Amino acid sequence: MEKEINKNQLFAGRRSMIGQCSTAIGSLLLFSSFRNKRKPGKTDNSAATFDVKKYGATGRRSDNATLAFHDAIKACVARGGGLVNVPPGDYTVGTIELRDNMTLHIEAGATLFLSQSAHDFRRDPERSMIYAENAKNIAVTGKGTLNGLAQYDFTEMTGIDPDIAKEIDIAKAAGVDMRRYYRRHGAMNTYMFVLNDCINILLRDITVINSPLWNIRLNDCDGVHVEGVYIFSDLEKGVNADGIDIVSTSNVCISDSTFVTGDDSIVLKTISKNGKPAKPVENVTVTNCVLTSSSTPLMIGTETEADIRHVLFNNCVIRNSNKGFGINVQDGANVSDVIISNLTIETNRRHWNWWGDAEMCRFILHKRKPASKLGVIRDIIIDNIIAHTRGTSTITGHPDQPVENITMSNVQIFMNPENKKDKRCTDALKIENVLGLKIRDLTVKWSDETEEKWKSAISMKKVTDFNIGSFEGRQGLKNSEEPAIWMDDVSDGTIRDSRAAKGTGVFIRLSGKESKDIILRNNDTKKAGRRIVFSDEELKKETEIN
């Protein structure tokens, strides 16, 4: 198993990584006026600065500074806004509530430690260190640190997670130790940020570490800019310690940041609040980030009570993660107009309790409960990806509602052996219940160090209206009976200009009583033992081959 990323090395290298990222914001022009008016650590000539030490904070961790922060903020509010400054030192704090037109600036050398006393926090359901509600023009900036002091226990599994029930069975059969980490009972189960119904938010250059729950939770906000932020939660222990959760929030740009998180790094969700219907998520850009996750670095779902649309995940490096990117729709929403492009991905299998099999991607459409509304996944582009993976990438629709209009182009998948004893991987790419699929310039390369369960490069079942061009690859085990491409119950599709790699046994296998209207055109099968295998002669007669 490859070594986990060393936290100290990441802290040391954080500034150099961010410095090498060029800012590519371009869109979301609504941030420009905010950025021009409010720069990190500065205000305009009319703004005032309020230093927390002048309001009683000592900078000693043993002294609770919550009241001093409250008093500094109160003075700032009385002036109509300004900058609350935190100089170098260690500060134990509970809830810090941001108000209109206010910047909390945490200087380099300043660390805010999460208070362990419940009396220091607001009594909201979502308890947090940094809190705001119905605020506008708020910012947290500076090169200081917020430390959540998360605590965990390694103990026996309690209950079965239905989303990984199959993986749990595989782990048990393989004799895996079924203990796992849980947040410590009675510990401070607190978010680092909860921002509710806020407008025009800036987070820049701060470090957020060891959050007991999600690091940054944005609920029903509009206009969010995150730049140069570093987030860390333990890759082994950090359950539910997501990086940034964009919940029913729109017009978001995250750039030039580094996230190392046990759970999802950046995740988009839509959740109802206070009895009101969930708002959609739309207009989200994530670019120029370096991401590591024991779950999914770039994620949409699972909570999907309202639509999620117009999303760009672009120009990111994903390392040492349990999955590359994913979409999981369970609650009836439409997820559409998503572009995932220009990524380099490296995956490694994690402990059995994390979602993911070290695959490039997982798209799944299903119902959370039998009575749940069935949603839609459609109009997704995956482009310019290099993925070194250990698991089966999947695109899976529902029998009553296929995933629609998926385009995949310029993708290289390098299949490596699994680094855990509970083996899961079969095919490189498995596609089921899809309507409208375009694959262009896909290469699948298998390691010479093999796994017994390896099968096809591409496996398709119940796929309609597809076009595969310029594919190159073979099945997982050289000269086995598994085909490079297996199609079952597919229709109205073409495979053209594709090539069998050295070691291919069967290049294409076509089966299924529902298969029809298939064209195989101009494919190079010289290196295949057998060109095409059909499940019956009638299907062979109905297939156009040239």
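All values reported here derive from a predicted model rather than from experimental measurement.

As a further point, take helix α4 (residues 165-173). Listed as buried for α4 are E167, I168 and A171. Buried positions in α4, seen along its axis, are confined to an arc of 105° and lie on one side of it. Seen from the open side of α4, the exposed residues pointing more than 90 degrees away from its buried face are K166, D169 and A173. Trailing α4 by a residue or two, G175 shows a phi angle of about 80°, which is positive.

Under the criterion given, the structure shown has zero disulfides. Distance from the sulfur of C221, which forms no disulfide, to the nearest cysteine sulfur (C198) is 4.7 Å. According to the relative accessible area criterion, C221 is buried, its value standing at 4%. Distance from the sulfur of C361, which forms no disulfide, to the nearest cysteine sulfur (C425) is 13 Å.

Bringing the environment of R378 into the picture now. Note on placement: R378 falls in strand β29 (residues 376-389). Since its relative accessible area comes to 27%, R378 is described here as partly exposed. Along the primary structure R378 and D536 are separated by 158 residues, whereas in three dimensions their C-alpha atoms are 33 Å apart. What R378 contacts, discounting residues up to four positions off in sequence, is N334, V335, S336, D337, E404 and N405. Among the polar contacts listed, one links the side chain of R378 to the side chain of E404, at a separation of 3.4 Å.

All told, the structure shown has three cavities of 30 Å³ or more when counted by the stated rule. Roughly 50 Å³ of volume is contained in the largest cavity. Along the walls of the largest cavity sit L114, Q116, G148, L149, A150, Q151, R183, R184, A187, M188, N189 and P212, which together make up its complete lining. A class-by-class count of the residues in the lining of the largest cavity yields six nonpolar, four polar and two charged.

With that settled, the discussion passes to helix α3 (residues 66-78). The first and last C-alpha atoms of α3 sit 19 Å apart over 13 residues, in line with the 18 Å expected at 1.5 Å per residue. Of the residues one or two after α3, G80 is the one with positive phi, at around 85°.

Below, the discussion takes up the side chain of S233. Locating S233 in the fold gives a position in the loop between β17 (230-232) and β18 (244-247). A distance of 2.9 Å separates the side chain of S233 from the backbone nitrogen of G262, its partner in a polar contact. When sequence neighbours within four positions are dropped, the list of residues in contact with S233 reads N215, A241, V260, T261 and G262.

What follows concerns a negative patch on the surface. Negative charge collects at one region of the surface, where D465, D492, D517, D536, E537, E538 and E542 lie side by side. Considering each element in turn, the negative patch owes the most residues, three residues, to helix α5 (residues 537-542). For D465, the position within the fold is in strand β33 (residues 458-469).

This paragraph deals with the packing of aromatic side chains. Counted under the stated rule, the structure contains six aromatic pairs. With a centroid separation of 5.8 Å and 75° between ring planes, the pair formed by Y191 and W214 is classed as edge-to-face. You can see Y191 sitting in strand β12 (residues 191-196) and its partner W214 sitting in the loop between β14 (207-209) and β15 (216-219), a full 23 residues away along the chain. Residue W214 is classed as buried on the basis of its relative accessible area of 11%. Taking the ring centre of F113 as reference, the NZ or CZ of R61 above it sits at 4.0 Å.

Calculation criteria
- Per chain, the residues get numbers from 1 upward, laid out in the order the sequence is written.
- Where local features are concerned, this predicted model is filtered to residues with pLDDT of at least 70; where side-chain atom pairs are given and counted, the filter is 80 or more; whole-chain, interface and lining totals use all residues.
- Note that the side-chain values use all heavy atoms of the structure and ignore hydrogens as well as water.
- Partly exposed describes any residue whose relative accessible area lies between the buried limit of under 20% and the exposed limit of over 50%, with all areas from a 1.4 Å probe on protein chains only and scaled to the type maximum.
- To qualify as a helix, a DSSP run of H or I must reach at least 4 residues; to qualify as a strand, a run of E must reach at least 2; elements of each kind are numbered from the N terminus.
- Note that the arc is defined by the directions from the helix axis to the C-beta atoms.
- Throughout, disulfides are identified as pairs of cysteine sulfur atoms within 2.5 Å of each other.
- In what follows, residue pairs with any heavy atoms lying within 4.5 Å of each other are defined as contacts.
- Counted as a polar contact is a pair of N or O atoms within 3.5 Å, where, for protein atoms, one must be capable of donating a hydrogen and the other of accepting one, and residues adjacent in sequence contribute only when both atoms are in side chains.
- The distinction between a cavity and a pocket rests on a 1 Å grid over the protein atoms alone: a 1.4 Å probe fits inside a cavity but cannot get out, while a pocket stays open yet meets protein on both sides within 12 Å along at least five of seven lines, and a residue with an atom within 4 Å of a point counts as lining.
- Grid points are joined across faces, edges and corners, and a volume is the space filled by probe spheres set on the points.
- Lys, Arg, Asp and Glu make up the charged group, whereas Ala, Val, Leu, Ile, Met, Phe, Trp, Tyr, Cys and Pro make up the nonpolar group; the residues left over, Gly among them, are polar.
- Given the number of residues in a helix, its expected span is that number minus one, multiplied by 1.5 Å.
- Each patch is built from residues that are more than 30% exposed by relative accessible area and take part in no salt bridge. Like charges join if they lie within 9 Å; nonpolar side chains (Val, Leu, Ile, Met, Phe, Trp, Tyr) join within 5 Å.
- Note on areas: Shrake-Rupley, 1.4 Å probe, and residue coverage restricted to the protein chains presented here.
- Within this document, salt bridges are pairs made up of a side-chain nitrogen of Lys or Arg and a carboxyl oxygen of Asp or Glu, the two lying within 4 Å of each other.
- Neither His nor the chain termini are counted; the positive set is Lys and Arg, and the negative set is Asp and Glu.
- For the purpose of locating charges, the reference atoms are NZ of Lys, CZ of Arg, CG of Asp and CD of Glu.
- For Phe, Tyr and Trp, rings pair up if their centres lie within 6.5 Å, where Trp contributes its six-membered ring, and each pair is then called stacked (planes under 30 degrees apart), edge-to-face (over 60) or tilted (otherwise).
- The rule is short: NZ of Lys or CZ of Arg within 6 Å of the ring centre and within 35 degrees of the ring normal puts a charge over the ring.

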